[in-house]
Amino acid sequence: MQNTSLQPGFREQPHTADWALEVWASDLGGLLQQAAHGMYALMQVKLSGEPREAYRVEINAADREVVLVTFLSELLYFTQRDNVGFDQFDLTWEEQRLTAMVEGAPIESIAKEIKAVTYHNLEVRETERGLEATIVFDV
Amino acid sequence: MIGLDSLKQISDYEWEIPRTARGDMRVPVRLFATRELLEAAFDDKSIEQAINATTLPGLVGNVIVMPDMHQGYGFPIGGVAATRFPDGVISPGAIGYDINCGVRLLGSFIDYAAVKDQLDDLASALNAHCPSGVGSKGAVRLSEAELNQVCENGSKWALKKGYATEQDLRRTEERGCLDGADPDKVSDRAKERGRAQLGTLGAGNHFIEVDVVDKIFAEDAAQAMGLREGCLVVQIHCGSRGFGHQICTDYVQELQGAVKRYKINLPDRELVCAPLNSPEGQAYLAAMRCAANFAFANRQILAHAARQAFEVVLAGKTPNWHLPQIYDITHNMGKIETHAIDGERVKVCVHRKGATRAFGPGSPELPDEYQTIGQPVLVPGSMGTASWVLAGTAASMERSFGSSCHGAGRVMSRHQAKREVRGETLRRELEAEGIHVRAGSLPGLAEEAPQAYKNVDAVVETVAGAGIARLVARLKPVTVIKG
């Protein structure tokens, strides 16, 4: 599981029982997008072409870790409720508030279920790649 | 950095990390492990996570770690921690997302040799009767009012609806219902997810397995439980499905703010917690109990479905195809219990994550038939390997808050398992060993390959050697249903 040819990106990290996903991007919006792409890649979600569906997500968060976990948890909730996956994101993060339009399509196939997005050792760090974080998913 | 040389060896099966090993530890860590299992534990973060768990406010005694330990998130899998009631904390992350994930064991009078040729049909029937796999939905659809009843009554709801017997409830931990569940403390999202998922197995490491009783080690206990050498038994491993996952997600989020309000410093945000007597702690406890009761009802409905499958395939072909319950235990739970600590009876909240309750003989919580032998402890092995039935002991009450191990414990990541094992090859190998397999996903099957887990025999040898459980029977798989 790797997407390192282009910046930003994501990469699966070893974890004994669950899944760990390293993500990086130049800013928080990019980091959220990569995390979402990585999460659906881990679940091996394949979307059907049509119909395209859009959802609005708004999150007030005290810090970047909270917005990251909350955003992914929101997507997982929609995925499990409506059998929809997302592949396009329009995100704005201003004054501790995320406003997002996320777009996707019904899921044609899915190999694995993620139970939850965890805060385990979660830290959004500033590095030469911009922002980085490693997210652990309970599976 | 803590290494093996920092640990104090108590016996061949017990080790201690002293409270002084790291500045923020509130209590020591006691690990039940052989040297070999302990050395393997240093390959991942389970030891570090156990030390992190010792920072929870209000802990009493030791943080306990079982030999099937492995890295989880926040709290290690195989961990047990007790906090003083009511001023200690409760931590959703120390219980886990799959609240009351657990195992149920059904016994039988069915002789394996007599029905060997029916097992493939039985595998198909179990697969048809017990919905499994990613996003699976159950035959039982609940209105919100009915879901609230499940939350409050657990297996008692199932009894009223005809899915259970009185004996099933008597032989379920807490009789299948925790008091104090409050559906008003559960989010609409959790309820929405729960309504369609009652009576479903799910995916991941959840399974239904038919085993044959391979060897009896304690005649008295086996007789009391109804385990007979050469007869079939059924294991059901699952939990509270999306309902519990959402409740834990909601409260881990909610308590991110609570730790700041209560000025609690933690090394990992997944360990967020709140005092048991705070509004936040009380709300989580009431919601967690709803998920626990949902899971008891879930396993009860699956047991009912398994009984139907056995009837369809075996009625008229064997004298008695019924499946009386032996016991049902939980793996991921926070429970208010009273334990002896330094000679004093103390009311505590015992967090068990990937660990089972293992109460000894004479515990008032056990049904009459198990009073002299102790609580049945069910330890599923990895797919294709042995599982074990143990019994709780007086020593488990004294040394591990009445707890024992819960399974084999992973050693290999899912990614590595899929790289090293092909699902189709594994299925052929299992079939060649006479194990009938039904799997929703072959890559999912590969993730659960036996080589991805520790040797369950070494795990149970450790808890038996340490005296916190005793061996009752070994089970050998003959049919596996996986989501």
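Visitor: Please give an account of the overall build of chain B that cites residues and values.
Guide: Secondary structure summary: chain B contains 16 helices and 19 strands in total. The C-alpha atoms of chain B give 21 Å as radius of gyration, which agrees with the globular expectation for 483 residues (23 Å, within 12%). Once local pairs closer than 6 in sequence are excluded, the contacts in chain B between residues at least 24 apart make up 77%.

Visitor: Please set out the environment of Leu-390 of chain B residue by residue, giving values where relevant.
Guide: All names here are of chain B. Relative to the elements of secondary structure, Leu-390 occurs in strand E16 (residues 387-392). In this structure Leu-390 comes out as buried when scored by C-beta crowding, with 28 C-beta atoms within 10 Å. On a C-alpha basis, the gap between Leu-390 and Ser-6 in space is 32 Å, while along the polypeptide they are 384 residues apart.

Visitor: Got a sec to walk through the packing of helix H8 (residues 188-195) of chain B against helix H10 (residues 241-261) of chain B? Specific residues and values, please.
Guide: All names here are of chain B. Contact geometry for H8 and H10: axes closest at 7 Å, N-to-C directions at 165°. Between H8 and H10, the interaxial angle falls into the category roughly antiparallel. Between H8 and H10 lies a crossing of right-handed hand. In this structure, H8 contributes Arg-189, Ala-190, Arg-193 and Gly-194 to the contact, and H10 contributes Gly-242, Phe-243, Gln-246, Ile-247 and Asp-250. For the contact of H8 with H10, the residue count by class is three nonpolar, three polar and three charged.

Visitor: Pulling in residues and values, what's your account of the confidence of the model for chain B?
Guide: Mean pLDDT over chain B: 95, with 100% of residues reaching 70 or higher. The ipTM assigned to the predicted complex is 0.92, against a pTM of 0.96.

Visitor: Residue-level account of the interface of chain B and chain A, with values.
Guide: In many reports, interface size means the accessible area that the parts give up when they come together. In this complex, chain B contributes 33 residues to the contact, which on the side of chain A involves 28 residues. Going through the elements one at a time, strand E4 (59-73), H8, H10 and helix H15 (442-447) of chain B are the ones with two or more residues in the side of chain B that touches chain A. Broken down by element, the side of chain B that touches chain A gets its largest block of residues, seven residues, from H10 of chain B.

Visitor: Which residues make up unusual backbone geometry, and what values do they have?
Guide: A cis geometry characterises the amide bond from Glu-50 of chain A onward to Pro-51 of chain A, with omega recorded as -10°. Along the chain, Pro-51 of chain A falls in the loop between strand E4 (46-47) and strand E5 (53-60). For the peptide bond that leads from Phe-85 of chain B to Pro-86 of chain B, omega is 5°, which places it in the cis range. Residue Asn-83 of chain A is not a glycine yet carries a positive backbone phi of 55°. Mapping Asn-83 of chain A onto the fold places it in the loop between helix H2 (64-82) and strand E6 (84-94).

Visitor: Break down the confidence of the model for chain A for me, with residues and values.
Guide: Across chain A, pLDDT averages 93, with 96% of residues at or above 70. The lowest-confidence element of chain A is strand E1 (residues 2-3) of chain A, averaging 52 in pLDDT; the highest-confidence one is helix H1 (residues 28-42) of chain A, averaging 97.

Visitor: Any details on the packing of H10 of chain B against helix H11 (residues 279-314) of chain B? Residues and values, ideally.
Guide: Residues and elements named next belong to chain B. At a closest axis distance of 9 Å, the pairing of H10 and H11 adopts a crossing angle of 170°. Relative to H11, the element H10 lies roughly antiparallel. Contact residues: H10 offers Arg-241, Phe-243, Gly-244, Ile-247, Tyr-251, Glu-254, Leu-255 and Ala-258, while H11 offers Glu-280, Tyr-284, Ala-287, Met-288, Ala-291, Phe-294, Ala-295 and Asn-298.

What counts, and at which threshold
Residues numbered from 1 in each chain as written. Chains lettered and ligands numbered in written order. Predicted model: local features only at pLDDT ≥ 70, side-chain atom pairs only at ≥ 80, totals over all residues. Helix = DSSP H or I, 4+ residues; strand = E, 2+ residues; numbered from the N terminus. Rg over C-alpha atoms; globule rule 2.2 N^0.38 Å. Contact = placed C-beta atoms within 7 Å. Buried ≥ 20, exposed ≤ 12 C-beta atoms within 10 Å, placed from the backbone. Axes fitted to C-alpha atoms, helices over the stretch in contact; angles between N-to-C directions. Parallel < 35°, antiparallel > 145°, perpendicular 65-115°, else oblique. Left-handed = near helix turned anticlockwise from the far one by under 90°. Nonpolar A, V, L, I, M, F, W, Y, C, P; charged D, E, K, R; others polar. pLDDT = per-residue confidence, 0-100.

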